[in-house]
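Each chain is listed here by its residues.
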Amino acid sequence: MSELGIVYALLGAAVAVLLSGTGSAIGVGIAGQAASGVVTEDPSKFAKVLIIQLLPGTQGLYGLLIGFITLSKIGVLGGGLADLSVQTGLLILAACLPIGVVGLLSAIAQGKTAAAAIGIVAKKPDQFGKAMLFPAMVETYAILALLISFLSVTGIQV
Amino acid sequence: MSNTKYTYAVARIRALETSLLDDAAVEQLMGCGSAGQALQLLADRGWGGSSAEPDMESVLKCEEEKTWQVIRDVAPDMSVFDVLLYPRLYHNLKAAVKAVCTGVKHPHIFYDDCPVPGKEMMRIVESKEFSRLPGNMPRTAREAMDILLHTGDGQLCDICVDRAALEAAAEAGKRSGERIIEEYADTTVAIADIKIAVRAQKTGKSAEFMRSAMAECSSLNVGQLISAALAGADEIAQYLQETSYAGGAEALRTSPSAFERWCDNRMIEILKPQKYETFSVGPLLGYLIARENEIKTVRIILTGKKNGFPDDAIRERIREMYV
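Residues numbered from 1 in each chain as written. Chains lettered and ligands numbered in written order. Predicted model: local features only at pLDDT ≥ 70, side-chain atom pairs only at ≥ 80, totals over all residues. Heavy atoms only, no water.

With respect to the environment of Met214(B)
Residues and elements named next belong to chain B. Rules: Where helices and strands are cited, they refer to DSSP runs of H or I of at least four residues and of E of at least two residues respectively, numbered from the N terminus. Partly exposed describes any residue whose relative accessible area lies between the buried limit of under 20% and the exposed limit of over 50%, with all areas from a 1.4 Å probe on protein chains only and scaled to the type maximum. In this analysis, two residues are considered to be in contact whenever any of their non-hydrogen atoms come within 4.5 Å of each other.
Looking at the secondary structure, you find Met 214 in the loop between α10 (207–213) and α11 (222–231). For Met 214, a relative accessible area of 2% translates into the label buried. The sequence separation of Met 214 and Glu 129 amounts to 85 residues, and the corresponding C-alpha distance is 27 Å. Excluding residues within four positions of it along the chain, Met 214 makes contact with Arg 163, Asp 193, Ile 196, Ala 197, Val 222, Leu 225 and Ile 226.

Put into structure tokens, the structure is as follows:
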């Protein structure tokens, strides 16, 4: 049964990376469409809209971080798989869920907010700082999820 | 993710909205001593083509074409803009029917930037292949030809085609599935109905005439509007007070040009909230109407200055700007 434990743990790492990565791809894609629209008419705004476009990309990095810590913890990276019970494997899977689920949804929401913020930059480029803040607000919840996933994964005794 | 299909288009429109004329720019145009100076000011803002000595008509036509080109470039689905193309399409039908029935042909009476351009429309009407026309046009074309051939009354032919155009616009609004397009189409029909009522009252037309000219819309009761028009101008204003077109009642009392101005301003008013939309077709429609509105305003200013109209007379006709 110890093999099933490692399967659950790996599933946790996969959920963290897959869901948050998918969310970031969709979010960056939405913001990228808006950025392309603005740059088509005004290429001088490229740098500003690029920064805003990248904001929904952070969730993917958070998922990667949790996935990396999980793989490291269960010995997939260090060599020599840890002998995990089913219960520990499930605990690690549960620990990875916050960043997976919140990463997916918050990145999509952030992508939409970033697209709207790019509209601010298109019309009032001097308001770039304020425009950045609206999508950055969504980031708060991805960070909270990252914190909980990080504390949980590192806190589980293997 | 279907609600994000307008993201690129809206962002591009947002960037273009910065070059729309605002109230300050209109004031600058008004401050110009002559139509030539005003044209130069517009050329400095990028209006017109590369012509060294631009004339008013070519500059305005060029701007109209630029606007539609942008919309064609960015819109994922042009069919939602059918409602805006119908006036030109039905104008072509009306012109072709009259040209064929009277045998008098003028090459410059057609619009070419619409789904059925002038030459094509003439071929269809001449050969009576009406089934090649879209929507309710085949029936309308047959009716309009019959009316003109049997009665020789151009006005009856006009109201037949104009009413069909209004019905087609209302239908296209509903078909688009976009709330703002539907609202735009309904307002277009309502304003056309109000204009018909006002003009019919002034010329003493019958209820039957008005009924055959007006199209149904959800924001006005056509029956009540006709009764008001039969009773008098004050009654029309009184009826409008009870509807969402109350502002029109006030404008009607001021002057006919104030009423025309109110009609355009009303349209801009319903579109203004679209400046804050990010994921819908609304900003595209807003930009399109805003451009048409500013082109109309520039035409009024240039024509007024060219003909030496006093500033007050021009100002009375200046439309509200979108930005």
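Re the domain arrangement of chain B
Residues and elements named next belong to chain B. To keep things clear, this is the line we draw: By convention here, the domain bounds are inherited from an automatic or database domain assignment. Buried surface area refers to the total accessible area, computed with a probe of radius 1.4 Å, that the two partners give up upon joining, counted for both partners together. For salt bridges, the criterion is a side-chain nitrogen of Lys or Arg within 4 Å of an Asp or Glu carboxyl oxygen.
For chain B, the domain assignment lists domain 1 (1–75 + 282–323), domain 2 (81–177) and domain 3 (178–280). Here domain 2 and domain 3 have C-alpha centroids that lie 23 Å from each other. For the pairing of domain 2 and domain 3, the buried interface totals around 1,300 Å² over both sides, and the portion due to carbon and sulfur atoms is 69%. Three residues stand out in domain 2 for area buried against domain 3, namely Ile 159, Arg 163 and Leu 166, and they jointly supply 41% of the buried area on that side. Joining domain 2 to domain 3, the criterion identifies 0 salt bridges. Contributing elements (two or more residues each) for the side of domain 2 that touches domain 3: α5 (82–102) and α8 (154–176).

A look at the pattern of salt bridges
All names here are of chain B. Applying the stated criterion to the full structure yields 31 salt bridges over all chains. The closest approach of N and O atoms between Arg 199 and Glu 260, which form a salt bridge, is 3.0 Å. In this pair, Arg 199 sits in helix α9 (residues 179–203) while Glu 260 sits in helix α14 (residues 256–271), placing the two residues 61 residues apart along the sequence. Within this structure, Glu 57, Glu 64, Arg 88 and Arg 299 form a network of salt bridges that share partners.

A short note on the packing of helix α4 (residues 56–74) of chain B against helix α15 (residues 282–306) of chain B
Residue and element names in this part refer to chain B. Put simply, the rule reads: To obtain each axis, a line is fitted to C-alpha atoms, and for helices this fit is confined to the stretch in contact; angles are then taken between N-to-C directions over 0 to 180 degrees. Geometric relationships in this document are graded by angle, where less than 35 degrees denotes roughly parallel, more than 145 denotes roughly antiparallel, 65 to 115 denotes roughly perpendicular, and other angles denote oblique. Ten residues, namely Ala, Val, Leu, Ile, Met, Phe, Trp, Tyr, Cys and Pro, are considered nonpolar, four, namely Asp, Glu, Lys and Arg, are considered charged, and the remaining ones, Gly among them, are considered polar.
Where α4 contacts α15, the two axes come as close as 11 Å, and the packing angle between them is 180°. One finds that α4 runs roughly antiparallel with respect to α15. Of the residues in α15, those touching α4 at Met 56, Glu 57, Leu 60, Glu 63, Glu 64, Thr 67, Trp 68, Val 70, Ile 71 and Val 74 are Leu 284, Tyr 287, Leu 288, Arg 291, Glu 292, Ile 295, Val 298, Arg 299, Leu 302, Thr 303 and Lys 306. Across the contact of α4 with α15, the residue classes tally to 12 nonpolar, 2 polar and 7 charged.

Section: the packing of aromatic side chains
All names here are of chain B. Our working rule: For Phe, Tyr and Trp, where Trp contributes only its six-membered ring, two rings pair if their centres lie within 6.5 Å, and the inter-plane angle classes them as stacked under 30 degrees, edge-to-face over 60, or tilted in between. Lysine and arginine charges are scored as sitting over a ring when NZ or CZ, respectively, is within 6 Å of the ring centre and within 35 degrees of the ring normal.
Following the criterion strictly, the structure yields 3 aromatic pairs over all chains and no others. Ring centres of Tyr 86 and Tyr 90 lie 5.9 Å apart, and the angle between their planes is 75°; on these two criteria the pair is classed as edge-to-face. Placement of the pair is Tyr 86 and Tyr 90 together in helix α5, with a separation of 4 residues, close to one helical turn. The residues Tyr 86 and Tyr 90 share a single accessibility class, namely buried. Ring plane angle 80° and centroid distance 6.3 Å describe the contact between Tyr 245 and Trp 262, whose orientation is recorded as edge-to-face. Highlighted residues: Tyr 245 in the loop between α12 (233–241) and α13 (246–254) and Trp 262 in helix α14, separated in sequence by 17 residues. A relative accessible area of 13% means that Trp 262 is categorised as buried. The lysine or arginine in question, Arg 88, covers the ring of Tyr 111, its NZ or CZ lying 4.9 Å from the ring centre. The aromatic ring of Trp 47 is capped on one face by Arg 291, whose charged end is 5.3 Å from the ring centroid.

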